[in-house]
Amino acid sequence: MNVTTAAPHGADQVGAPVIELGLPVVGGSHHRATAGTSGLEVSEIGRSEKFAQVRAGELGSLHSWELVTAVDGPGTRMTVFLSGCPLQCLYCHNPDTMEMRRGEPVTATELLERISRYKNIFEVTGGGVTISGGEPLMQPAFVARILRGVKEMGLHTAVDTSGYLGAHCTDEMLDDIDLVLLDVKSGIPETYKRVTGRELQPTLDFGRRLAARGTEIWIRFVLVPGLTDAPENVDAVADYVATLSTVTRVEVLPFHQMGRDKWDSLGMRYELEDTSPPTPELVTRVREQFRARGLTVF
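Worth saying up front: this structure is predicted, and the values here are computed from it rather than measured.

### Regarding the overall build of the chain
Part 1 of the argument: If you tally the helices and strands in the chain, you get 10 helices and 8 strands.
Part 2 of the argument: Counting across all 298 residues of the chain, residues that qualify as buried make up 56%.
Part 3 of the argument: Within the chain, residue pairs in contact and separated by at least 24 positions form 78% of the contacts whose partners lie at least 6 positions apart.

In structure tokens form, the structure reads like this:
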């Protein structure tokens, strides 16, 4: 199947903003990425040409991709994990996505051609493509091209994001997004700062913007004993989520230690080494706090 890689809306603009990375930068989806870049042709070009292609959205830094069912959105989906994230989440289990330079350079054309091979599966199952990370909005021009190409195939699209870089998601990009998996990591600013090293407000602003546009939202909240589990912190998240009219589900994700070895292999200190997963009783309590606001919780 031939796939045309369309330029994103507003293609007459001079590239996308270049986002500087601080060190250390840590990111990652709650979902473990294991498929690598198998089957995708890695681009090998010069530095100046590479920079120009990145700004134009023609080249992205890819960590991995995999096919999943009913995890990162409805139906069977290809989840594409991009490299780079502005957050420094203490519980990140994919710290190898922390820096954009750790990813493999892949063109939008190559990735869209790979997606097109599974088009029939996505159509039959009501699935589609989810762009995750790291933080996908670190690479807004590349994400815009992929979203446009996927929508031209008639497929469902989703973006898994912390919302911290929501300002980099243009209205034109939102037109091509069917679902946002919004990771609200904490509800109290001080706790959010402790968890991520960043400010909470951009996430709150992005969620309100999505709701105002009518974009469907799935909320994700990682439950970490001793870090995000305080009743007042959960209440703050639940109160905020209840104000977003387009939220259709909330996922309470119990903390685990799956990424601990990656931190060690990267020579990074893992601060949650002595933290245990939440008990079933704690998970139930937190889920009930969300349900008390009339939210659908998983």
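### With respect to the pattern of salt bridges
Part 1 of the argument: One pass over the full model with this rule turns up 22 salt bridges.
Part 2 of the argument: Measuring nitrogen to oxygen at the nearest pair gives 3.8 Å for the salt bridge that ties Arg145 to Glu58. You can see Arg145 sitting in helix α4 (residues 140-152) and its partner Glu58 sitting in the loop between α1 (47-56) and β1 (59-69), a full 87 residues away along the chain.
Part 3 of the argument: A residue is classified by how much of its surface remains accessible, and Arg145, at 11% relative accessible area, is buried.
Part 4 of the argument: According to the relative accessible area criterion, Glu58 is partly exposed, its value standing at 34%.
Part 5 of the argument: One salt bridge connects Arg102 with Glu99, and the closest N-O pair in it is separated by 3.7 Å.
Part 6 of the argument: Looking at Arg102, the relative accessible area reads 36%, which means it is partly exposed.
Part 7 of the argument: One salt-bridge network, held together by shared partners, links Asp72, Asp160, Arg220, Arg249 and Glu251.

### Comments concerning the packing of aromatic side chains
Part 1 of the argument: Per the stated rule, a full pass over the model turns up 4 aromatic pairs.
Part 2 of the argument: On the basis of an interplanar angle of 50 degrees and a centroid distance of 6.0 Å, the ring pair of Trp65 and Tyr118 is categorised as tilted. With Trp65 in strand β1 and Tyr118 in the loop between α2 (108-116) and α3 (119-125), the pair connects residues that are 53 residues apart, well separated along the chain.
Part 3 of the argument: Trp65 gets classed as buried once you look at its relative accessible area, which sits at 8%.
Part 4 of the argument: Looking at Tyr118, the relative accessible area reads 17%, which means it is buried.
Part 5 of the argument: Geometrically, the ring pair formed by Trp263 and Tyr270 is tilted, given 5.3 Å between the ring centres and 50 degrees between the ring planes. Of the two residues, Trp263 and Tyr270, both sit in the buried class.
Part 6 of the argument: In this structure an aromatic cluster arises from ring pairing among Trp65, Tyr118 and Phe122.
Part 7 of the argument: The ring of Trp218 carries the charged tip of Arg249 above its face, separated from the ring centre by 4.1 Å.

Rules and cut-offs
Residues numbered from 1 in each chain as written. Predicted model: local features only at pLDDT ≥ 70, side-chain atom pairs only at ≥ 80, totals over all residues. Heavy atoms only, no water. Helix = DSSP H or I, 4+ residues; strand = E, 2+ residues; numbered from the N terminus. Buried < 20%, exposed > 50% of the residue type's maximum accessible area, 1.4 Å probe, protein only. Contact = heavy atoms within 4.5 Å. Salt bridge = Lys/Arg side-chain N within 4 Å of Asp/Glu carboxyl O. Phe/Tyr/Trp six-rings, centres within 6.5 Å; stacked < 30°, edge-to-face > 60°. Lys NZ or Arg CZ within 6 Å of the ring centre and 35° of its normal.

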